[in-house]
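In case you want the letters, here they are:
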Amino acid sequence: MAAAGPSVFLLMVNGQVESAQFPEYDDLYCKYCFVYGQDWAPTAGLEEGISQITSKSQDVRQALVWNFPIDVTFKSTNPYGWPQIVLSVYGPDVFGNDVVRGYGAVHLPFSPGRHKRTIPMFVPESTSKLQKFTSWFMGRRPEYTDPKVVAQGEGREVTRVRSQGFVTLLFNVVTKDMRKLGYDTGPSDTQGVSGPSPPPGRPL
Amino acid sequence: MNPKEEKVKIITEEFDENDEDAGVGSQKKTSKMARQKRKKPLPAAGPEEMVSENPHLGNQPEPLQEDSDTRPLSMTTRRGPRSLPPIPSASRTGFAEFSMRERMREKLQAARSKAESTLLQEIPTPRPRRLQSPGEKELETEFGTEPGEEAQKTQQEDDSQSHSRVKFRDSVRKIKTKPPVPPGFPSAEEAYNFFTFNFDPEPEESEEKPKAKNRDGTTQEEEEGEEEEPPVQGIHKTDEQLLISATEAEAFLWGLDHAAADFVAVRPADYESAHVRLQMEKELLFVPSRLTVPTYKKLPENVQPRYLEDEGLYIGTRPDVPRTCQNIMENRLLTQEPGRRWFGDDGRIVALPNPIKPFPSRPPVLTQEQDFRAELETLYKKAVKYVHRSQHMIGSGDSPGNFQLDIDISGLIFTHHPCFSREHVLAAKLAQLYDQYLARHQRNKAKFLTDKLQALRNAVQTGLNPEKTHKSLDTTQKTINEYKSEIRQTRKLRDAEQEKDRMLLKTIIKVWKEMKSLREFQRFTNTPLKLVLRKEKVDQKADEEAYEAEIQAEISELLEEHMEEHEQKMEAYRAAYQQWKAWKKAQRAKKKKKKQAVEEHPEEEMGEPYPEEDPVKPVPPEPTDRALMEHQVRERAARSRRRPGEPLLVPELSLAGSVTPNEQCPRVEVLRREDVKRRSIYLKVIFNDKEVSRTDSRPLGADFRVHFGQIFNLQIFNWPESLTLQVYETVGHSGTTLLAEVFLPIPETTIVTGRAPIEEVEFSSNQHVTLDHEGVGSGMPFSFEADGSNQLILMTSGKVSNSVAWAIGENGIPLIPPLSQQNIGFRSALKRADAISSIGTSGLTDLKKLAKWAAESKLDPNDPNNAPLMQLISVATSGESYVPDFFRLEQLQQEFNFVSDEELNRSKRFRLLCLRSQEVPEFRNYKQIPAYDREIMEKVFQDYEKRLRDRNVIETKDHIDPHRAMVAKYLQQVRESVINRFLIAKHHFLLSDLIVEEEVPNISILGLSLFKLAEQKRPLRPRRKGRKKVTAQNLSDGDIKVLVNIIRAYDIPVRKPTASKFQQPSRSSRTFSEKHAASPTTHSPTHSADYPLGQVLVRPFVEVSFQRTICHTTTAEGPNPSWNEELELPFRAPNGDYSTSSLQSVKDDVFINIFDEVLYDVLEDDRERGSGIHTRIERHWLGCVKIPFSTIYFQAKFDSQEDEKLLQATEKFQAECALKFPHRQCLTTVTDISGKTVFITRYLKPLNPPQELLEACPNNPQATAELVARYVSLIPFLPDTVSFAGICDLWSTSDQFLDLLAGDEEEHAVLLCNYFLSLGKKAWLVMGSAIPEGPTAYVLTREQSHYLIWNPCSGHFYGQFDTFCPLKSVGCLIGPDNIWFNIQRHDSPLRINFDVTKPKLWKSFFSRSLLYPGLSSVQPEELIYQRTDKAAAAELQDRIEKILKEKIMDWRPRHLTRWNRYCTSALRHFLPLLERSRGEDVEDDHRGELLKQLGDYRFSGFPLHMPYSELKPLIEAVYSTGVHNIDVPNVEFALAVYIHPYPKNVLSVWIYVASLIRNR
């Protein structure tokens, strides 16, 4: 086995949930967790986290900054089921009820280096106007049964969502043995330093 | 005050500050005198400017200024001198006035004493006083109100500097104006006036003059200034002198400045009334109105505004400008620029569209530094092959080298070359002419025209003959006229041709003669050209006749023509003459008139002599003169035609001549020849501006011909756009020069190799070459004449003979790029490549030929022009073409397969991935599939493959009973199919699966929640709010623990003191002992009283085992112990999969065992008792509770598929129930074994119990009922959650249940209920929750006076008010025809009323609003029971016993296990008794008997009773008793098994396990 080279590759991601833009809301916190395929296993670090509550900055940007660190290492034998980070943002509504303000998910970057991702966030919509009103009134907005739903495509057709806000994430990705297992994740694999970081997750 | 003045003042002040005191400055503002003084130094600041500008700038304003200034003094007489240019005064001020002033000041200081005395005498002292009031008045008149001056000032506006200068000059001039006054002494009033205007130099003048004159010599600067003056102002000597005196006066005043206070005029502040100022401003300022300008003002008159936007034209958004601003601007524009060019057609100001873009076009400036860097970073881009866009790539499908252009360059001939000698020039000319001659001769146009003429003449002749034609005269006349005109034209043409021929011949001869003379002159020949004129004799007479006839004919024709012409002219003449006559008459009349008018208007008559063109008196045309005409004709004939009788001259050019060898030539010629030899020529082939090949370099021959004879095959990649040959000449070794470029046409597609003619393409160069030998050079004038006249300039030129054609491939197909790729420029080629020209009209009918042609010529099948043709061809040829008789789907699939299918199937990894993706149970949760095939063990698939293999093989190894094995198999299959169904269903999501959403609350709940708002925040007794279940994501072994809280126990049996020393614990738990449920009060510790107090009756402890992990509590004492302990058991999920579905399929049970701890003194010897205690702890199993894990972790899920209406009703019913009592179980529909939803009442129907049971005790219905219940309880229990993991609760019908011999509470309850119904009892299914099962189903029966609650799984029954009834809550009752939901306040069976007829207590499903539709039952009509084979049961019994014994021995690996056969046989006899009594109090009798038999053995044992399903649970049960744990050395064991068979293969298994210790 040892002579045959590695049998798993490692993906190490650290970074942070930097900030968010939720123009209408304040005092938010976020939770993150990872969704990954069966061939993946976390080897180190935290898979779930819940951040502090942050308030908007007083300047024009009105940014909600968490700077909530992420540090996790996965091992895998198969790129299928590449880990996704699932974010859910919560905050109080007018009545002080804790309601969800956004769900979002993004794949961890494939290529090593520094990556910045801005994820558009969305929340499920109520099924009717009346529901909407009552859910607003009762402070029990529709929520996903499991935030991980947003990382899967199955069953999404039955839901309706509305976009609100963006969350910016920063990833520093290190991979090990991907090449040896025959997975080439692009030219920046060899560079190590921040290559051209294409922002596919950018909203604009 | 004038604003103008104000401005000047301010500017000047800036200059003053340097050299004047502040005090003086303030003083000046008030007095005119001071102002002037102040202005004086100003020019000094910029003397250069002054000198240059003065003559121009100063000039204009001066006279006006003068006027204004002088008018108050009314000195009109001084107009003359004032008009003079003011240069002197300006220049005089000089450039170093400051220094001069300083010097003057010094001098004045010295002279003051002298001067002062005289001055004081002359000037009246009270000057300051007099200055006051009149001065003010004067100032006003002078500046403020004079309109003329104002106008002038506006002109000067920009030039304050010059203005100030002007002012200064004025003051000087005023001084100059003084002289006339002084002779007479001024009156007091005059003096006063004077002083108020200006300081008065007068009085000093007489005295100061000598001083100033003295100073003249010393002040250099001043003199310089004065020296400039004389040329300009020479005449005004007095003026000049006055100027000097003025300066002196000034200087004097400077001196007086020290006493400035004397001159200060105190005046009130200037005030102009607002009205006046407004008046002034109104004149000066223009304030545009803010009002909207009416559109008509902005547009030209009578023009309607035109709105482009309304006409549909695009107009950009105008920049946003407030309306008022626009109005102001419009008003301003209208006033300032009267033209309307600023206004558009719509009457608005012309404006460009708003330039502000809504989005920034600049890349956003990112705040973070690193981003900057990222943007500036250089990106590496891989080089991309450049494809020229305008050049079409040829042939997507064909290989690019398939097209070929053959260029055959045969040779090159120079028609002129710098090295041509004169002879060569002539030779070339001659050759050219000869070529021309040959060409003409070949065409022989003259002959053709002559023939034509002849034919026409004949036609006319015949046409004129009236006998021969009977056509109408008109038509014949017409045709004849046409013929005639044609004859005329033809004749002209023929004449021209003949003349040309003749001229050519003449020129040839002339050139040849020149050449001959030249050869003679230069005494050598350079060219082998030789012209031979062959004379062809002609018949003199015939020739002459023909000649004459020709002339005659021509003459007659001409005459005729002329006659016609003459006629026409005469006609015209007559008309003109008439006109002229009339005009003449009129003229005469006019003249008469005019003569009369001559006296009155002599001049006018003069201008009118030729008011119109005077018609000249027409001259009558002369009649044609035949002789003259004949002469003309003859002359022309002589010029252009061969004279009759003259021999025909045929020139023949040959190269037969000899060239003079070099030795005989002069040096210059030799040089030339050598030069020619040194030259060589080659051609480059340029294709699409790229050199593709070049010919060999060939020497230039002496005849200036180069033969190449090379063929170039160009493999074409791009469509040819240009093809060029470049002619290069190499002279010796010095290098090459590009002589010329020859552009070759791209051949048409029809031209292929072999067919292409050799063409000669001419070229010429514009190079200028002069040579120092006989060569004439090129581009240079030269002459043949000796005197240099008749110069010629020849350029290098020549011809390249070549042919360009498309190559033909091996199979005869021309290698031509498809026409579709040609540019539009080549369309002509396409047009010409039409079918008819190519294959002829006959080819059109031959379709095959046509098709071949179409293929060959590469006809564009997509060109709409070709569409019909292509269709025709396709139809015609389809019969022969190959059409595949199959249709290939995904024909490209082969291309995309990266490995072969076999290889793919061989891949273990791929297989594993596939299986996992299909969610095959074995692999569903397979984690981390290895990256390589070699790492996947074969055995991974073994289980799966085995299962596939064994699917239809029933093996009996695990299942001793073949029927059980079959059932197990069947169950397995059902399980699989159901799982598959639900795996599919699992991927079908409902909104509720994904989103948690609150139901729309009704008013009451809304009100309640409103009410809740007012609730206190921290209630005293907070109620726990259910936390939302969050499934853990990644749990590993050890993360989950099962917590068991052992609180207390009731009624634990105590040890019975027997005669012997050993204690026999009574039957352990209630489940075994308490059958007297009929009497609710039976359960009380009855035995305790029998024993003496203080003696420990029992020391129980509880042991919990789960997944072979064991925990136990501390040991308590007494039959009613209380532990209050929490035990923690680790949990391991199967396969490490902690998903919901996986957890639900955990089959492990939690065993809760109660043991009695018994301490034995092991000391054999009493002597040692003092020193130590040696006890052995024995534990005796008292009983067990088995809790399946599935009840711990339970999640129910339903699917629905019944009648829509009913389903809706059930949903509604359930929703209503859930709303009121969310925790009460309400069941209306269930899923049957095939996965369909069935209404629950369909399951209930009276069904016959086995006849055997009914016959057992026919007279005791209660006993029968108990027996039936026991029978039902003997059917093994298998929870649905285990069978159908995480999916649903499946209900099987009773026959299915009996066939399967496995089921959970529902099946048991349904069967029991059905039996009871058939026994004639009133029975219901109770849905509720019990301990330990959780949500479960019980059976309720109604006896005469009370209700009984039956546990179907154990067969026990309880009274309604039995506190030990495990059923803790009742959700609903289900009967065969209705469902009743418990809507009472309580749900404990102890506290509810089971009377379902009361609608306030029980909400029924079917009521008056929804009548029972009479649903058919799903149960069979009758149950059929087979008698169980007793022999098989006996065999099974033996095997079980054997296996268990082996197991016990296995569990005691370190000890010897001895079996007491005697005890075993005793037990064996005892077990059937137990079965008969259903475990009831037979023991006591039996125990005594046993004890008797066993004698001195300490006996510890207990019977276990179980329904038989398979072997494993039996083993587990034996293990959990812990009998084998006894490690007393001389222990013996006894084990007996008894199986009692019931109908339908229901087996009751009894196991008696005991340990025996021999007493000493």
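What counts, and where the lines are drawn
- Residues numbered from 1 in each chain as written.
- Chains lettered and ligands numbered in written order.
- Predicted model: local features only at pLDDT ≥ 70, side-chain atom pairs only at ≥ 80, totals over all residues.
- Heavy atoms only, no water.
- Helix = DSSP H or I, 4+ residues; strand = E, 2+ residues; numbered from the N terminus.
- Contact = heavy atoms within 4.5 Å.
- Buried area = accessible area lost by both parts, 1.4 Å probe.
- Salt bridge = Lys/Arg side-chain N within 4 Å of Asp/Glu carboxyl O.
- Polar contact = N/O pair within 3.5 Å; in protein donor to acceptor, adjacent residues only side chain to side chain.
- Nonpolar A, V, L, I, M, F, W, Y, C, P; charged D, E, K, R; others polar.
- Pairing = 2+ DSSP bridges.
- Buried < 20%, exposed > 50% of the residue type's maximum accessible area, 1.4 Å probe, protein only.
- Axes fitted to C-alpha atoms, helices over the stretch in contact; angles between N-to-C directions.
- pLDDT = per-residue confidence, 0-100.
- Patch = residues over 30% accessible without salt bridge, like charges linked within 9 Å, V, L, I, M, F, W, Y side chains within 5 Å.
- Areas by Shrake-Rupley, 256 points an atom, 1.4 Å probe, with all protein chains shown as cover.
- Core = buried A, V, L, I, M, F, W, Y, C linked by side-chain atoms within 4.5 Å.
- Expected span 1.5 Å × (residues − 1).
- Arc of directions from axis to C-beta.
- Parallel < 35°, antiparallel > 145°, perpendicular 65-115°, else oblique.
- Left-handed = near helix turned anticlockwise from the far one by under 90°.

As for the environment of Ala 1323 of chain B
Residue and element names in this part refer to chain B.
Move 1: Positionally, Ala 1323 belongs in strand 26 (residues 1322-1330).
Move 2: Once the C-alpha coordinates of Ala 1323 and Arg 1342 are considered, the two residues, 19 residues apart in sequence, prove to be 6.4 Å apart.
Move 3: Non-local contacts of Ala 1323, meaning those with residues more than four positions away in its chain, are made with Cys 1313, Phe 1316, Leu 1317, Val 1339, Leu 1340 and Thr 1341.

Brief notes about the interface of chain A and chain B
Move 1: Facing 50 residues of chain A, the contacting portion of chain B comprises 39 residues.
Move 2: Around 3500 Å² of area is buried between chain A and chain B when both sides are counted, 49% of it from carbon and sulfur atoms.
Move 3: When residues of chain A are sorted by the area they lose upon contact with chain B, Gln 38, Thr 145 and Glu 154 of chain A head the list and together hold 17% of the total.
Move 4: Summed over the shared surface of chain A and chain B, the number is one salt bridge.
Move 5: Residue Arg 916 of chain B pairs with Asp 39 of chain A through a salt bridge whose shortest N-O separation is 2.6 Å.
Move 6: Summed over the shared surface of chain A and chain B, the number is five residue pairs in polar contact (both at pLDDT 80 or more).
Move 7: Going through the elements one at a time, strand 2 (29-35), strand 3 (40-45), strand 5 (64-76), strand 8 (113-124), helix 1 (129-138) and strand 9 (143-144) of chain A are the ones with two or more residues in the side of chain A that touches chain B.
Move 8: Sorting elements by how many residues they give to the side of chain A that touches chain B places helix 1 of chain A first, with five residues.
Move 9: Residue composition of the side of chain A that touches chain B, grouped by class: 21 nonpolar, 14 polar and 15 charged.
Move 10: Pairing between strand 9 of chain A and strand 14 (residues 995-996) of chain B: two bridges, direction antiparallel. Bridging from a neighbouring strand, Glu 143 of chain A pairs with Val 996 of chain B of strand 14 of chain B.

Points about the pattern of salt bridges
Move 1: Scanning the entire structure with this criterion turns up 35 salt bridges over all chains.
Move 2: A salt bridge links Glu 125 of chain A to Arg 162 of chain A, with the shortest nitrogen-to-oxygen separation between them at 3.1 Å. In this pair, Glu 125 of chain A is assigned in the loop between strand 8 and helix 1 and Arg 162 of chain A in strand 10 (residues 161-176), connecting sequence segments 37 residues apart.
Move 3: Overall, Arg 162 of chain A belongs to the partly exposed group, its relative accessible area being 33%.
Move 4: Between Glu 550 of chain B and Arg 494 of chain B there is a salt bridge, with the nearest N and O atoms lying 2.8 Å from each other. Highlighted residues: Glu 550 of chain B in helix 24 (residues 540-597) and Arg 494 of chain B in helix 23 (residues 473-522), separated in sequence by 56 residues. Residues Glu 550 of chain B and Arg 494 of chain B agree in their burial class; the two are buried.

Let's talk about the sheet that holds strand 35 (residues 1531-1542) of chain B
Residue and element names in this part refer to chain B.
Move 1: If you walk across this open sheet you meet the four strands as 33-35-36-34, and the pairing is mixed. Each edge of the open sheet is held by one strand with a lone partner, namely strand 33 (1458-1459) and strand 34 (1497-1507).
Move 2: Alignment of strand 35 against strand 36 (residues 1546-1558), held across 12 bridges, turns out to be antiparallel. Note that in strand 36 the partner of Ala 1536 across the bridge is Tyr 1552.
Move 3: Taken strand by strand, helix 49 (residues 1461-1476) contacts strand 33, strand 34, strand 35 and strand 36, and its axis lies near 30° from that of strand 35.

Let's talk about the sheet that holds strand 32 (residues 1402-1404) of chain B
Residue and element names in this part refer to chain B.
Move 1: Spatially, 29-28-27-26-30-31-32 is the arrangement adopted by the seven strands of the open sheet, whose pairing is antiparallel. Each edge of the open sheet is held by one strand with a lone partner, namely strand 29 (1357-1359) and strand 32. Neighbouring strand axes in the sheet, compared pairwise and without regard to direction, differ in orientation by 35° on average.
Move 2: Pairing analysis gives six bridges linking strand 26 to strand 30 (residues 1367-1374), with the strands arranged antiparallel. Of the residues in strand 30, the one forming a bridge with Met 1327 is Cys 1372.
Move 3: Sitting on the sheet, helix 42 (residues 1204-1220) is in contact with strand 31 (1379-1382) and strand 32, with an inclination near 160° to strand 32.

As for the confidence of the model for chain B
Residues and elements named next belong to chain B.
Move 1: Of the residues in chain B, 61% reach a pLDDT of 70 or more, and the chain-wide mean stands at 69.
Move 2: The least confident element of chain B is helix 39 (residues 1070-1073), whose mean pLDDT is 36; the most confident is strand 28 (residues 1347-1350), at 88.
Move 3: Low confidence marks residues 124-168, where pLDDT is under 50. Its contacts with residues over four positions away, or in another chain, come to 86 contacts.

Structural notes on a nonpolar patch on the surface
Residues and elements named next belong to chain A.
Move 1: Together, Val 94, Phe 95, Leu 130, Phe 133 and Trp 136 make up a nonpolar patch on the protein surface, roughly 530 Å² of accessible area in all.
Move 2: Among the structural elements, Phe 133 can be located in helix 1.
Move 3: Phe 133 gets classed as partly exposed once you look at its relative accessible area, which sits at 45%.

Side note on the nonpolar core
All names here are of chain B.
Move 1: Of all hydrophobic cores here, the largest spans 53 residues; its most connected members are Trp 1291, Tyr 1315, Leu 1325, Val 1339 and Trp 1350.
Move 2: Here this core gets eight residues from one element, more than from any other, and that element is helix 47 (residues 1305-1318).
Move 3: Formed by 40 residues, the second largest nonpolar core is a distinct cluster that contains Phe 414, Leu 723, Phe 782 and Trp 806.

So, the side chain of Thr 1210 of chain B
Residues and elements named next belong to chain B.
Move 1: When you line up the elements, Thr 1210 lands in helix 42.
Move 2: Overall, the relative accessible area of 3% leaves Thr 1210 in the buried class.
Move 3: Once you skip the residues sitting within four places of it in the chain, Thr 1210 turns out to touch Thr 1228, Thr 1229, Phe 1239 and Phe 1405.

Digging into the pairing of strand 36 of chain B
Residues and elements named next belong to chain B.
Move 1: Strand 36 sits mainly inside the fold: 12 of its 13 residues count as buried.
Move 2: Strand direction decides the pairing type here: strand 34 and strand 36, joined by 11 bridges, are antiparallel. Bridge pairing in strand 36 links Tyr 1497 to Arg 1558.
Move 3: If you look at the hairpin formed by strand 35 and strand 36, you'll find three residues sitting between the two strands, and Lys 1544 has a positive phi there, around 65°.

Looking at the environment of Arg 1458 of chain B
Move 1: Looking at the secondary structure, you find Arg 1458 of chain B in strand 33.
Move 2: C-alpha of Arg 1458 of chain B to C-alpha of Glu 1532 of chain B: the two residues are 74 residues apart in sequence and 4.9 Å apart in space.

Focus on helix 42 of chain B
One turn of an α-helix holds 3.6 residues; hence residues three or four places apart share an orientation.
Residue and element names in this part refer to chain B.
Move 1: The terminal C-alpha atoms of helix 42, which comprises 17 residues, lie 24 Å apart, in line with the 24 Å expected from a rise of 1.5 Å per residue.
Move 2: Here helix 42 has its buried residues at Leu 1206, Leu 1207, Ala 1209, Thr 1210, Phe 1213 and Cys 1217. For helix 42, the angular spread of the buried residues around the axis is 160°, confining them to a single face. Across helix 42 from its buried face, at more than 90 degrees, point the exposed residues Glu 1204, Lys 1205, Glu 1211, Lys 1212 and Leu 1219.
Move 3: Where the residues of helix 42 are buried, they touch strand 23 (1229-1232), strand 24 (1237-1239), strand 31 and strand 32.

Points about the packing of helix 34 (residues 908-917) of chain B against helix 35 (residues 939-950) of chain B
All names here are of chain B.
Move 1: The contact between helix 34 and helix 35 brings their axes to 11 Å, and the two run at 50°. In this view, helix 34 runs oblique relative to helix 35, as classed from their interaxial angle. Of the two possible hands of crossing, helix 34 and helix 35 adopt the one that is left-handed. Contacts between helix 34 and helix 35 pair Lys 908, Arg 911, Leu 912 and Leu 915 from the former with Val 940, Phe 941, Tyr 944 and Glu 945 from the latter.
Move 2: Grouping the constituent residues of the contact of helix 34 with helix 35 by class yields five nonpolar, no polar and three charged.

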